[in-house]
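# Per-entry structural report
What follows is each chain in one-letter form.
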Amino acid sequence: FSSRVVQATPQDPDVEVGVAFGSVEVVVPDDARVTTDGTLLFGSTDCDAACDGTGTRDVVVDARGAFGSVDIVRQSERNQDRDSGRDGDDDD
């Protein structure tokens, strides 16, 4: 029933997250080429720019759970959202 942020590191580029009735934001390096794995029942995974196939470093995000959401963003996307005053939630 909460939200949290998980940071992928160069030392451990594979990220495993679990979510139930909440949300997780996974922040990956700007040079990441992300693939997703796992199953979310009645949930969603949003990975627009981070999963576009560009990048030089492979990162796997394994997301599992139910009734939650996982948002995968590059570090620059997160910084841009924070600088523009957006918190990542769609309140409008």
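Residues numbered from 1 in each chain as written. Predicted model: local features only at pLDDT ≥ 70, side-chain atom pairs only at ≥ 80, totals over all residues. Heavy atoms only, no water.

### Brief notes about the pairing of strand E2 (residues 15-20)
We count it as follows: With a 1.4 Å probe rolled over the protein chains alone, any residue whose accessible area is under 20% of its type maximum counts as buried; one over 50% counts as exposed, and the rest are partly exposed. Numbering of helices and strands starts at the N terminus; helices are DSSP runs of H or I of at least 4 residues and strands are runs of E of at least 2. Following DSSP output, two strands are said to pair if at least two bridges run between them.
Here E2 shows one buried face, formed by Val15, Val17 and Val19, and one open face, formed by Glu16, Gly18 and Ala20. Taken together, the 6 bridges between E2 and strand E7 (residues 57-66) define a ladder with parallel strand orientation. Its bridge partner being in E7, Glu16 is matched across the sheet by Asp62.

### Concerning the state of the cysteines
Operational definition: The rule for a disulfide is simple: a pair of cysteine sulfur atoms within 2.5 Å.
Considering all chains together, one arrives at 1 disulfide under this definition. Between the sulfur atoms of Cys47 and its disulfide mate Cys51 the distance is 1.8 Å. Measuring the twist about the S-S bond at about 85°, one finds the Cys47-Cys51 disulfide to be right-handed.

### A look at the environment of Phe21
Along the polypeptide, Phe21 turns up in the loop between E2 and strand E3 (23-28). Along the primary structure Phe21 and Thr9 are separated by 12 residues, whereas in three dimensions their C-alpha atoms are 26 Å apart.

### What about the pattern of salt bridges?
Just so we agree on the cut-off: The term salt bridge refers to a pairing of a side-chain nitrogen on Lys or Arg with a carboxyl oxygen on Asp or Glu at a separation within 4 Å.
If you walk through the whole model with that rule in mind, you get 5 salt bridges. Between Arg57 and Asp31 there is a salt bridge, with its nearest N and O atoms 3.0 Å apart. Remark: Asp31 occurs in the loop between E3 and strand E4 (32-37) and Arg57 occurs in strand E7; sequence separation between them is 26 residues. Assessed through its relative accessible area of 28%, Asp31 is described here as partly exposed. Note that Arg33 and Asp58 form a salt bridge whose closest N and O atoms lie 2.8 Å from each other. Linking Arg33 in strand E4 with Asp58 in strand E7, this pair joins segments that are 25 residues apart in sequence. Residue Asp58 is classed as partly exposed on the basis of its relative accessible area of 47%.

### Some remarks on the nonpolar core
Here is a general trend for soluble globular proteins: nonpolar side chains tend to be buried in one another's company. Quick reminder of the rule: Here the nonpolar core consists of buried residues drawn from Ala, Val, Leu, Ile, Met, Phe, Trp, Tyr and Cys, with membership extended through side-chain atoms lying within 4.5 Å. Contacts were defined at the residue level, with two residues in contact if any of their heavy atoms lie within 4.5 Å.
Val17, Val26, Val28, Val34, Val70 and Ile72 are the most contacted members of the largest nonpolar core, which has 18 residues in total. Elements that contribute at least two residues to this core include exactly E2, E3, E4, E7 and strand E8 (69-74). Each residue touching Val26, except ones within four places of it in the same chain, is listed here: Val6, Val15, Val17, Val61, Val70, Asp71, Ile72 and Val73.

### Notes on the side chain of Arg74
Short version of the rule: The definition of a polar contact used here is a pair of N or O atoms within 3.5 Å, where within protein one atom must be able to donate a hydrogen and the other to accept one, and adjacent residues in sequence count solely through side-chain atom pairs.
Counting through the fold element by element, Arg74 comes out in strand E8. Side chain to side chain, Arg74 and Asp52 meet in a polar contact 3.2 Å long. Once residues within four sequence positions are removed from consideration, Arg74 is found in contact with Val27, Val28, Pro29, Asp30, Ala32, Ala49, Ala50, Asp52 and Thr54.

### Some remarks on the packing of aromatic side chains
The relation between two aromatic rings is expressed through the spacing of the ring centres and the mutual angle of the planes. Stated precisely, the cut-off is as follows: Stacked, edge-to-face and tilted are the three classes for Phe, Tyr and Trp ring pairs, Trp counted by its six-membered ring, which pair at centre distances within 6.5 Å; planes under 30 degrees apart are stacked, over 60 edge-to-face, the rest tilted.
As enumerated under the stated definition, the model contains 2 aromatic pairs in all. Both rings, one in Phe21 and one in Phe67, keep their centres 5.0 Å apart while their planes meet at 5°; by these two values the pair is stacked. Linking Phe21 in the loop between E2 and E3 with Phe67 in the loop between E7 and E8, this pair joins segments that are 46 residues apart in sequence. Aromatic side chains Phe42 and Phe67 sit 5.3 Å apart centroid to centroid with 15° between the ring planes, which places their arrangement in the stacked category.

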